[in-house]
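Residue-level structural notes
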Amino acid sequence: QVQLVESGGGLVQPGGSLRLSCVYSGNGFGRFNMAWYRQAPGKPRELVAGITPGSSTNYADSVKGRFTISRDNAKNTVYLQMNNLEPEDTAVYYCNAKFGYNVWGQGTQVTVSS
């Protein structure tokens, strides 16, 4: 079975930083497109950042220049480095793996507040 285990969420003040980690358990990590999504209360889930098996990346306009997605295929791990966080970044963040089908993490809460 494939599972995604997330860590790194928490409470941070505006302007602060967090790094989210997502560990993929199972075979085939290097073939998956990996991504981070987020969902704020009352809003639909949105794509934050994605990374291909070849490490090409894409970002939502709202986080471009502040967030960085990366992957370590040797460790079956994808990261989301979040800098200069804003209150609007408050959401539940979900790790996603896709290769013909989707696997989702359990979600981790990120709260940006003073």
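Reference entry: report on the structure contained in this document. These numbers were taken from a predicted model, which means no experiment stands behind them.

Considering the overall build of the protein chain
- Tallying secondary structure elements over the protein chain gives zero helices and eleven strands in all.
- Over its C-alpha trace the protein chain gives a radius of gyration of 13 Å, about what one expects of a compact globule, namely 13 Å for 114 residues.
- Projecting the C-alpha coordinates of the protein chain onto the three principal axes gives extents of approximately 40 × 25 × 25 Å.
- Looking at the protein chain as a whole, 39% of its 114 residues are labelled buried.
- Sequence-distant contacts, at least 24 apart, represent 52% of the contacts inside the protein chain between residues at least 6 apart.
- On the protein chain, roughly 5900 Å² of surface is accessible, and the fraction owed to carbon and sulfur atoms is 47%.
- Of the charged side chains in the protein chain, 10 are positive and 7 negative, and the gap between their average positions amounts to 8 Å.

Let's talk about the packing of aromatic side chains
- The tally for this structure, following the rule as stated, stands at five aromatic pairs.
- With 5.6 Å between their ring centres and 45 degrees between their planes, F32 and F99 make a pair best called tilted. Of this pair, F32 sits in the loop between β3 (18-25) and β4 (33-39) while F99 sits in the loop between β9 (91-98) and β10 (102-104), placing them 67 residues apart in sequence.
- Given the relative accessible area of 1%, F32 is considered buried.
- Its guanidinium or amino end placed over the ring of F29, R71 lies 4.5 Å from that ring's centre, counting from NZ or CZ.

Remarks on the sheet that holds strand β1 (residues 3-7)
- Reading across from one edge, β1-β3-β8-β7 is the order of the four strands in this open sheet, with antiparallel pairing throughout. Strand pairing shows two members of the sheet lacking a second neighbour, β1 and β7 (67-72), which therefore form its edges. Pairwise comparison of adjacent strand axes, ignoring direction, gives a mean angle of 15 degrees for this sheet.
- Bridge count for β7 against strand β8 (residues 77-82) is six bridges, and the pairing is antiparallel. Among the inter-strand pairings, D72 is bridged to a residue of β8, identified as T77.

Cut-off values and rules
- Residues numbered from 1 in each chain as written.
- Predicted model: local features only at pLDDT ≥ 70, side-chain atom pairs only at ≥ 80, totals over all residues.
- Heavy atoms only, no water.
- Helix = DSSP H or I, 4+ residues; strand = E, 2+ residues; numbered from the N terminus.
- Rg over C-alpha atoms; globule rule 2.2 N^0.38 Å.
- Buried < 20%, exposed > 50% of the residue type's maximum accessible area, 1.4 Å probe, protein only.
- Contact = heavy atoms within 4.5 Å.
- Areas by Shrake-Rupley, 256 points an atom, 1.4 Å probe, with all protein chains shown as cover.
- Lys, Arg positive; Asp, Glu negative; His and termini not counted.
- Charge placed at Lys NZ, Arg CZ, Asp CG, Glu CD.
- Phe/Tyr/Trp six-rings, centres within 6.5 Å; stacked < 30°, edge-to-face > 60°.
- Lys NZ or Arg CZ within 6 Å of the ring centre and 35° of its normal.
- Pairing = 2+ DSSP bridges.
- Axes fitted to C-alpha atoms, helices over the stretch in contact; angles between N-to-C directions.

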